[in-house]
Amino acid sequence: MVKSFVVLVLFSCLVTNIYSQGFNLPSKGVQVFDLKDSQERNQATFYSEAHYENITGLTNDVWGKVSFDVKDVKSTLKGEVSISVSSIKTGIEKRDEHLRSISWLYSEKYPTITFKIEEVERVDVVEDNLLKVVVLGEFTLRGKKNLVYAKTTMKYLPESEITKTIMPGDLISIVARFEIKLSDIGITNSLIGNRVSDKIEITATLVGSNYDQK
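## Structural notes on the overall build of the protein
Scanning the protein for helices and strands turns up three helices and 10 strands. Along the protein, helices and strands appear, N-terminal first, in the series α-β-β-β-β-α-β-α-β-β-β-β-β. Burial status across the protein gives 40% buried among its 214 residues. Look at the contacts in the protein between residues 6 or more apart in sequence, and 63% of them connect residues 24 or more apart. Carbon and sulfur atoms provide 54% of the accessible area of the protein, an area that totals close to 12,500 Å².

Dropping the structure here:
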């Protein structure tokens, strides 16, 4: 009898994890989160590991919105995040100037980089308020659009006295990681392969609030 009960519980948990497509929280319906943080906690970084030099770039000039039905993230997740090219810093001013130049990111003509969610490939429930999500997104850099897969964690934090110290409203915390190739967006340079890697790792760490819709 005990064994049967244990098996039933385990089976129930397994079924819940398989078919659950969203957060198991009291919040309901479609929520819209503004990812613009006046305190500049949001950031996007890139990392290049090349033969002679490793480079890390960082920007806090990040904005965008994401929306989803709390109970059905798989079918409803939408969003777009942007950063300004001119705000990216690598720690060396001269290198930053080169980065913004026509040979590299060409910030004068293409001032923003964007990532737009096109499709949700997978949702795994880690905890009631924590999901691991794989999304297919359209990444736009220098006017070139490429589809990339991003591994993402999404944590939903209902408003509390603690979250109010960050910002009002329910919060969504997002960490997304993906890779691009400079050659895929038409950037070719003699430095690629030696001082700059063709493969660039990108990480976005974001927090947003649904305060305006409450």
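## Looking at unusual backbone geometry
Phi is mostly negative for residues that are not glycine, and the peptide bonds are mostly trans. Of note, the phi angle at Glu40 is positive, near 60 degrees, even though the residue is not glycine. Here Glu40 shows up in the loop between β1 (30-34) and β2 (43-49). Although it is not a glycine, Arg142 adopts a positive phi angle of roughly 55 degrees. With respect to the helices and strands, Arg142 occurs in the loop between β7 (130-141) and β8 (144-157). For Arg142, a relative accessible area of 18% puts it in the buried group.

## Describing the nonpolar core
Residues Phe23, Phe68, Leu77, Phe139, Met154 and Ile172 are the most contacted members of the largest nonpolar core, which totals 46 residues. If you list the elements that add at least two residues to this core, you get β2, β4 (62-69), β5 (78-84), β6 (112-127), β7, β8, β9 (171-181) and β10 (199-209). Each residue touching Met154, except ones within four places of it in the same chain, is listed here: Phe23, Phe68, Val73, Leu77, Asn129, Leu130, Leu131, Val133, Ile172, Ser173 and Ile174.

## Side note on the packing of aromatic side chains
Within this structure, the stated rule accounts for eight aromatic pairs. Measuring from centroid to centroid gives 5.5 Å for Phe33 and Phe68, while their planes differ by 15 degrees, and the two rings are stacked. Taken together, the residues Phe33 in strand β1 and Phe68 in strand β4 connect sequence positions 35 residues apart. Pair check on accessibility: Phe33 and Phe68 agree, each one buried. Here a set of aromatic residues connected by ring pairs shows up, and it is made of Phe23, Phe33, Phe68 and Tyr156.

## Describing the confidence of the model for the protein
Per-residue confidence for the protein averages 89 on the pLDDT scale, and 90% of its residues sit at or above 70. Scored below 50 in pLDDT, residues 2-18 makes one contact in the model with residues more than four places away or belonging to other chains.

## Digging into helix α3 (residues 93-100)
Those residues of α3 not exposed but buried are Arg95, Asp96 and Leu99. The buried residues of α3 occupy one face: seen down the axis, they fall within an arc of 105 degrees. Facing away from the buried side of α3, by more than 90 degrees, are the exposed residues Glu93 and Lys94. On its buried face, α3 is in contact with β2 and β3 (54-59).

## As for the pattern of salt bridges
A full pass over the atoms with the stated rule returns nine salt bridges. With a closest N to O distance of 3.1 Å, Arg195 and Glu53 form a salt bridge. Remark: Glu53 occurs in the loop between β2 and β3 and Arg195 occurs in the loop between β9 and β10; sequence separation between them is 142 residues. Judged by its relative accessible area of 44%, Arg195 is partly exposed. The residue Glu138 makes a salt bridge to Lys145 at a minimum N-O spacing of 3.9 Å. With relative accessibility at 54%, the residue Lys145 sits in the exposed group. It is possible to trace a salt-bridge network through shared partners that takes in Glu53, Arg95 and Arg195.

## Description of the pairing of β8
The pairing of β7 with β8 spans 12 bridges and is classified as antiparallel. The residue bridging Leu131 from the neighbouring strand is Met154, located in β8. Once β7 ends, the chain turns through two residues before running back antiparallel as β8, passing Arg142 with a positive phi of about 55 degrees.

Basis of the calculations
- Residues numbered from 1 in each chain as written.
- Predicted model: local features only at pLDDT ≥ 70, side-chain atom pairs only at ≥ 80, totals over all residues.
- Heavy atoms only, no water.
- Helix = DSSP H or I, 4+ residues; strand = E, 2+ residues; numbered from the N terminus.
- Buried < 20%, exposed > 50% of the residue type's maximum accessible area, 1.4 Å probe, protein only.
- Contact = heavy atoms within 4.5 Å.
- Areas by Shrake-Rupley, 256 points an atom, 1.4 Å probe, with all protein chains shown as cover.
- Core = buried A, V, L, I, M, F, W, Y, C linked by side-chain atoms within 4.5 Å.
- Phe/Tyr/Trp six-rings, centres within 6.5 Å; stacked < 30°, edge-to-face > 60°.
- pLDDT = per-residue confidence, 0-100.
- Arc of directions from axis to C-beta.
- Salt bridge = Lys/Arg side-chain N within 4 Å of Asp/Glu carboxyl O.
- Pairing = 2+ DSSP bridges.

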